[in-house]
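The lines below spell out each chain.
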Amino acid sequence: MDISFLLNGERVELRGVSPTRTALDWLREERGLTGTKEGCNEGDCGACTVMVSDARGSRAVNACILFLPQLHGKALRTVEGISGPGGEMHPVQEAMVSHHGSQCGFCTPGFVVSMANAHLRGDTDYDDALSGNLCRCTGYAPIVRAAEAAAEAPVPGWMDEGALPEVAGTVSSRDMTAHVPDSADELAELAARHPNATLVAGATDVGLWVTKQLRDLPEVIFLNRCRDLQEIEVTDEAIRIGAGVTMDRVLDLMRVHFPSYAEMLRRYGSGQVRAAATIGGNIANGSPIGDNPPVLIALGARLHLRYRDTRREMAMEHFFLDYGKQDRYPGEFVETIEIPRQPDRLRVYKLSKRFDQDISAVCGAFNIQVEDGTVTGARIAFGGMAGIPKRAEAVEAALVGKPWNDEAVVAAWDGWEADFQPMSDMRASSEYRLLAARNMLTRYLLEDLGAATNVREVRP
Amino acid sequence: MSVTKPLPHDAAPLHVTGKARYIDDIPVPPGCLHLAFGLSEIAAGHIAEIDLSDVRRAPGVVGVWQAEDLPSDCDCSPSLHDEPLLSDGTLHYVGQPVFLVAATSHLAARKAVRKAHITYEAREPVFSVDAALAADTRFEDGPRIWEKGDSVQALEAAPNVIEGSLEMGGQEHFYLEGQAALALAQENGDLLVHSSTQHPTEIQHKVAHALHLPMHAVRVETRRMGGGFGGKESQGNALAIACAVVASATGRPAKMRYDRDDDMVITGKRHDFRIDYSAGFDDEGKLLAVDFLQYARCGWAQDLSIPVADRAMLHADNAYDIPALRVESHRLKTNMQSATAYRGFGGPQGMLGIERVLDHVAHALGRDPLDIRRANYYADYDDTRPGLDPGPPPEPPATLPDESGDTDLTSRGAPGPVGHAPAAPAGVQTTHYGQPVEDFILNALTDKLAESCGYAERRARVAQWNEETPLLKRGLALTPVKFGISFTLTHLNQAGALVHVYQDGSVAMNHGGTEMGQGLFQKVAQVAAARFGIPLDMVRITATDTAKVPNTSATAASSGSDLNGMAVQVACDTIRDRMAEHLATLYQADAAEVLFADGYVHVGEESLSFAEAAKLCYEGRVSLSSTGFYKTPKVEWDRIRGQGRPFYYFAYGAACTEVVLDTLTGEYRILRTDILHDAGSSLNPALDIGQIEGGYVQGAGWLTTEELVWDDKGRLRTHAPSTYKIPACSDRPEIFNVALWDGRNVEETVYRSKAVGEPPFMLGISAFLALSDAIGACGEAYPALDAPATPERVLMAIRKAQDGV
């Protein structure tokens with residue numbers, strides 16, 4: 001596969017790229033740019049953080065699960081390019097030195113890139129901007145002090161990427177096993193012709209198939225250049241989100257429409273993961289612990305699938321048939337997610353060992369309608385409680401028609417065990433999952449009544 | 001003067017620009033081979049059949065080694081010679097290296113090892129404490145028991161007695177740079193090994209032993225590690241030996257770095273412990289007797305488990321003067337990764353045991369835990385009291401260490417001589433192992449912290465909040481740390497240094513300590529600059545190198561700057577004295593009055609730049625190079641009897657943490673932490689505060705979100721950062737006040753500073769006990785929270801407190 005992108009401001013043309021070569025390995029092994037580090041090789045620690053820019057702006061992403069073809073037509077900036085061409089330090093680099101933000105130094109390049117990206121974008125919520133960078137030495141305090149100290153400094157001129165490489169049309173490898181289509185129409189044709197191909201959007205999961213499971217992917221189609229899959233449309237009836245919309249954009253969208261969904265998404269992966277991962281990928285992947293499906297089920301969202309020019313739609317919950325099995329034909333792909341407009345009664349409760357960047361033990365989405373003190377409708381769905389994202393149908397049935405108070409919670413008591421028999425694993429025990437899920441209904445009720453329920457809103 | 005200044009880490013400009021080199025960043029000659037281990041998939045048993053033909057045929061594979069192909073057993077153990085590099089056919093844990101592959105790339109080697117076909121004869125593994133006790137699988141013959149007073153009698157006589165049990169999990173180091181080594185074959189069969197290690201001498205010894213070479217044929221160099229935390233004290237041995245074997249056999253460079261999952265599955269972690277306790281106390285909460293049973297799960301091989309378990313016993317008193325204290329320690333052998341050194345080295349586990357007891361006593365009496373702690377503190381140091389008589393000079397050791405050459409004498413796992421240890425004079429407060437507590441400051445330090453953090457007012461506010469808020473409960477805890485400083489294997493308390501002054505006045509400095517991020521090199525360079533009175537940029541710090549300073553101890557036990565700072569000081573002073581003498585002769589002045597300051601050497605009326613002075617000395621044929629050597633005074637320890645003075649001094653600190661938790665899910669946050677810590681007269685306050693902030697967060701992580709989970713087959717299920725959760729940025733306390741205690745070490749350490757690597761780790765105990773305090777607000781019963789306090793454990797403890805069961 002032949003691709004082109006900017007590396008630290010210089011145009012790079014690569015011929016015959018292996019489609020699953022990671023940017024990290026290429027930088028370190030072929031370009032000798034060893035500032036970018038491998039810490040975990042699965043997108044969790046952020047030591048490999050690099051900046052990627054395109055017409056949408058810049059973002060920090062993990063190079064260890066970034067395949068080279070995903071860079072086609074974009075600009076890549078590594079820690080070496082955060083310093084100026086003459087070796088001048090970027091303000092965040094200066095501040096990291098003077099505020100003692102590095103100890104062992106191994107995570108530092110990744111932090112510097114995340115900080116330079118936040119600095120460029122004017123982001124000052126550093127807990128959020130740095131949630132995808134792990135440091136084992138400093139306890140983070142001096143790093144945040146450094147970020148704050150550099151915030152007001154002007155962005156150095158060398159951070160401007162200028163004109164991106166002009167690339168046009170669909171790119172395919174010579175042996176036709178890897179493709180970067182340019183539109184949904186081309187994707188539809190390629191997917192139909194290569195029904196066994198792995199569709200790669202952000203590679204935040206598929207990346208691990210390669211780096212951890214060491215799988216060879218015989219056929220790959222990269223989706224990230226299909227701009228028409230990345231559109232968001234909001235009408236009076238519905239919010240329509242293209243499958244290729246990345247989670248950082250879904251987060252921004254939901255801040256307006258469903259703030260509780262947004263707050264959950266703020267904890268979904270990290271900045272690096274949200275900038276790469278797509279909503280379609282999170283659904284099509286079919287994981288029982290993906291965080292979007294339960295929320296979308298609770299919102300009554302509908303899924304639009306496409307095979308060539310044939311389209312069909314279904315309620316979100318019907319897509320998940322069984323563990324690892326979805327209602328999707330070979331060559332078919334998720335095109336759009338459609339959420340009906342509705343008054344915001346949604347609350348999403350994500351439960352994990354660590355608040356930020358942790359996979360849910362339980363993720364509960366509650367959407368309960370109450371009129372005149374009586375429950376008139378309920379859509380409740382969970383991730384982490386079954387082999388698929390699943391509605392709590394018995395609980396919902398028990399609630400509807402009940403007065404909206406403790407009585408409703410009590411009425412639903414037995415419904416929980418009817419709906420869910422969760423497993424025990426390294427994230428939580430079955431007993432805890434069930435207990436916490438039950439208590440989430442209590443939390444929803446009390447929150448509705450105005451009680452303080454969120455430890456993250458408590459100030460010292 | 002350069003000491004005491006808050007200067008940045010010497011390598012910070014390299015760190016932030018990506019130019020700092022770690023093992024995997026070192027450019028290698030062409031033809032480098034990349035190694036990976038094939039691992040055992042069962043926890044206990046034998047290999048029935050092994051077929052590696054597909055491994056050998058895999059793309060890029062250059063060589064495959066099994067145990068019988070090695071030049072020796074290639075033992076990796078730092079202690080008992082019980083860790084062959086590759087399995088001899090018996091298997092002891094899931095993740096044990098079985099065979100070794102060398103390939104043309106890292107990825108090719110990783111892919112190849114998965115093509116092995118192995119069938120096993122499994123036997124029943126031993127995992128739990130109870131199973132190990134039942135099977136009597138343990139290291140040493142039986143439990144080690146140390147005792148002060150008669151705890152049995154005192155417990156019987158005590159008006160109040162509590163009993164309890166506390167489980168605390170282990171901890172993955174999660175150094176951001178995984179284990180790595182690179183070996184380069186030299187002429188004459190010699191080897192140069194680059195290793196990410198805290199203990200270059202041990203790497204040198206183990207490589208030499210594996211290849212039947214004298215130690216002078218192996219040179220080990222370590223510029224820096226991307227984090228160590230104890231995880232690179234012995235766990236790098238296997239990689240360095242593997243690289244040396246392959247480099248030696250093929251003549252090609254050989255590099256090995258573990259993929260993160262392999263790193264977590266193969267290498268040892270902090271020991272998890274169960275501690276059972278009985279405590280007797282009076283109605284005021286004064287402890288009369290405490291009896292501890294400490295059970296440490298050591299994993300399959302001995303590694304450093306004996307000194308780790310010893311240090312847990314040594315910290316069973318923490319800050320408390322307990323008239324009768326008995327500690328019985330069981331070192332259990334289990335079919336898991338061999339647990340190893342981790343910051344605090346058993347100290348945190350022992351300390352958490354006694355802090356739990358204090359918490360439990362306070363709950364039983366319905367008193368503020370801080371009052372109970374204060375009532376039991378040792379008495380503060382009084383500088384008007386005359387010093388203790390040092391006693392007679394030490395007698396020769398009763399038994400000499402093993403001389404077979406198999407043992408690395410510089411390892412903490414080495415058997416030590418049974419030391420002579422005189423008893424402390426009567427009337428002096430001592431620990432349960434007979435060490436006088438002569439430098440205690442925690443009464444004054446606690447007062448100061450309690451005042452600065454507003455403990456009393458906040459205690460009242462927390463109580464009021466808990467009264468008014470049904471779902472969210474706050475908790476507060478202020479806990480002390482007293483941590484013993486010195487290697488408990490007494491002979492390790494020595495260090496060497498090598499200092500050169502060049503004719504232009506620039507100084508190159510080398511010592512046996514390694515840099516893992518703690519800023520050791522910078523601190524030691526500050527000492528060198530201060531001795532010569534020159535700016536810091538005239539001092540060059542060079543990579544740790546076994547060819548420059550031999551027979552070094554691990555950079556461990558917080559001892560790095562104490563030992564190496566002193567050794568460098570001695571070397572500098574030797575050169576300085578020679579220079580002073582020569583210059584005094586030249587200028588007809590008194591050598592004793594030659595002054596090295598502000599970049600100049602002042603001789604009588606003359607002031608020479610240091611460079612001019614160096615030039616004159618060179619022309620005067622004065623040696624401008626010197627070694628320096630230091631050994632810690634006063635330490636004498638008999639670990640069998642549990643008597644003596646294992647520690648030169650104690651480091652102190654205290655932390656107050658406030659948390660809030662959600663009684664519906666068990667989720668929680670640390671709201672505020674205030675720390676006052678004793679670094680003596682700090683060599684570099686900025687670096688010391690960095691150690692304290694980082695140590696606290698790492699310690700809090702150990703006791704909160706960091707949970708290691710093995711399944712019933714002994715497979716580690718939390719083998720990557722996706723499942724093992726170290727604190728992230730937002731987990732640090734929202735308000736985080738860290739201050740240094742204004743004091744100097746009463747012992748004569750380098751510039752009267754104190755060690756600061758490990759002690760702050762245990763300040764994290766305050767976060768755990770603050771959670772316990774918040775849970776206590778949910779019901780009447782004692783919560784008896786186990787660690788790590790994941791949201792699940794917190795919720796279950798809340799139910800226990802509510803239901804009284």
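Model, not experiment: these values are computed from the prediction.

Looking now at the UniProt feature "domain: Aldehyde oxidase/xanthine dehydrogenase a/b hammerhead" (unreviewed entry) in chain B. This chain's UniProt record puts "domain: Aldehyde oxidase/xanthine dehydrogenase a/b hammerhead" (unreviewed entry) on residues 17–124 of chain B. Summarising residues 17–124 of chain B: 13% helix, 31% strand, and an end-to-end C-alpha distance of 52 Å.

We now examine the nonpolar core. All names here are of chain B. Leu287 and Phe292 are the most contacted members of the largest nonpolar core, which totals 200 residues. By residue number, the principal contributor to this core is helix α15 (residues 560–586), which donates 11 residues. Those residues within four positions of Phe292 in sequence are excluded, and the remaining contacts are Ile275, Asp276, Tyr277, Ala316, Leu325, Arg326, Val327, Glu328, Gly353, Ile354 and Val357. Listed in part, the 41 residues of the second largest apolar core include Leu35, Ala181, Val220 and Ala242.

Following the criterion strictly, the structure yields 29 aromatic pairs over all chains and no others. Here the aromatic rings of A:Phe111 and A:Tyr140 are separated by 6.3 Å at their centres, their planes lie at 55°, and the arrangement is tilted. Placement of the pair is A:Phe111 in helix α4 (residues 108–121) and A:Tyr140 in the loop between α5 (126–129) and α6 (141–150), with a sequence separation of 29 residues. Residue classification places A:Phe111 among the buried positions, given a relative accessible area of 1%. The structure contains a cluster of three or more aromatic residues connected by ring pairs, namely B:Trp146, B:Tyr320, B:Tyr377, B:Tyr378, B:Tyr433, B:Phe440, B:Trp637, B:Phe647, B:Phe650 and B:Tyr652. Between A:Lys390 and the ring centre of A:Phe420, over which it is positioned, the NZ or CZ distance is 5.2 Å. Between B:Arg260 and the ring centre of B:Phe174, over which it is positioned, the NZ or CZ distance is 4.3 Å.

What follows deals with the interface of chain B and chain A. The interface is formed by 84 residues belonging to chain B together with 79 residues belonging to chain A. Taking both sides of the interface into account, the surface hidden between chain B and chain A amounts to around 6,900 Å²; carbon and sulfur atoms contribute 58%. Remark: the boundary between chain B and chain A carries 15 salt bridges. For the salt bridge of B:Asp25 with A:Lys37, the shortest nitrogen-to-oxygen distance reads 2.5 Å. When residues in the side of chain B that touches chain A are grouped by element, the largest group, seven residues, is from helix α17 (residues 685–703) of chain B.

Residue and element names in this part refer to chain B. With mixed pairing, the four strands of this open sheet are ordered in space as β16-β27-β28-β29. The sheet terminates laterally at β16 (472–485) and β29 (735–740), the two strands that pair on one side only. Shown here is a sheet whose adjacent strand axes are inclined to one another by a mean of 15°, direction ignored. Relative to β29, strand β28 (residues 668–677) is paired through six bridges, and the arrangement is parallel. Opposite Asp674, over in β29, you have Asn737 as the bridge partner. Across the sheet, helix α18 (residues 765–776) touches β16, β27 (649–662) and β28, and the angle it forms with β16 is around 150°.

Our next topic: the domain arrangement of chain B. Residues and elements named next belong to chain B. Looking at the assigned domains, one finds that chain B contains domain 1 (12–124 + 173–266), domain 2 (129–166 + 272–363), domain 3 (380–386 + 437–488 + 645–803) and domain 4 (494–631). Taking the mean C-alpha position of each, domain 2 and domain 3 sit 19 Å from one another. Of the residues lining the interface, 29 residues belong to domain 2; the matching set on domain 3 comes to 34 residues. Here domain 2 and domain 3 share an interface that buries about 2,600 Å² over both sides, 59% of which is from carbon and sulfur atoms. In terms of surface lost to domain 3, no three residues of domain 2 exceed Arg311, Arg343 and Leu352, which account for 25% of the buried area on that side. Viewed at the interface, domain 3 and domain 2 are joined by one salt bridge. Among the salt bridges present, the one from Asp317 reaches Lys482, with a minimum N-O distance of 3.1 Å. Summed over the shared surface of domain 2 and domain 3, the number is 17 residue pairs in polar contact (both at pLDDT 80 or more). Those elements that provide at least two residues to the side of domain 2 that touches domain 3 are β8 (160–168), β13 (272–281), α9 (305–314) and α10 (347–365).

What counts and how
- Note that residues are indexed from 1 along each chain, following the sequence as it is written.
- Ligands are numbered from 1 and chains lettered from A, in the order in which they are written.
- A pLDDT threshold of at least 70 governs which residues receive local features in this predicted model, and a stricter bar of 80 or more applies before side-chain atom pairs are shown or counted, although totals over entire chains, interfaces and linings include all residues.
- As a rule here, side-chain values come from all non-hydrogen atoms in the structure, and water together with hydrogens is ignored.
- UniProt positions are given in the numbering used here, feature names are shortened, and annotations may be inferred rather than shown by experiment.
- Each helix corresponds to a stretch of at least 4 residues labelled H or I by DSSP, and each strand to a stretch of at least 2 residues labelled E; elements are numbered beginning at the N terminus.
- Working definition of a nonpolar core: buried Ala, Val, Leu, Ile, Met, Phe, Trp, Tyr and Cys residues. They are joined through side-chain atoms within 4.5 Å.
- Here the term buried applies to any residue with accessible area under 20% of the maximum for its type, exposed to any over 50%, and partly exposed to those in between, with areas from a 1.4 Å probe on protein chains only.
- Should any heavy atoms of two residues lie within 4.5 Å, those residues are counted as being in contact.
- A pair of Phe, Tyr and Trp rings is counted when the ring centres sit within 6.5 Å of each other, with Trp represented by its six-membered ring. The angle between the planes then sorts it: under 30 degrees is stacked, over 60 is edge-to-face, the rest tilted.
- Placement of a charge over a ring requires the Lys NZ or Arg CZ to be within 6 Å of the ring centre, with the centre-to-atom vector within 35 degrees of the ring normal.
- What gets called buried area is simply the loss in accessible area from a 1.4 Å probe that two parts show on being joined, summed for both.
- Any Lys or Arg side-chain nitrogen located within 4 Å of an Asp or Glu carboxyl oxygen qualifies as a salt bridge.
- The rule for pairing is simple: two strands pair if DSSP sees at least two bridges between them.
- Orientation is described by axes fitted as lines to C-alpha atoms, over the contacting stretch for helices, and by angles from 0 to 180 degrees between their N-to-C directions.
- Throughout, the edges of the domains are those of an automatic or database domain assignment.
- Residues adjacent in sequence count toward polar contacts only when both atoms are side-chain atoms; beyond that, a polar contact is any pair of N or O atoms within 3.5 Å, and within protein one must be able to donate a hydrogen and the other to accept it.

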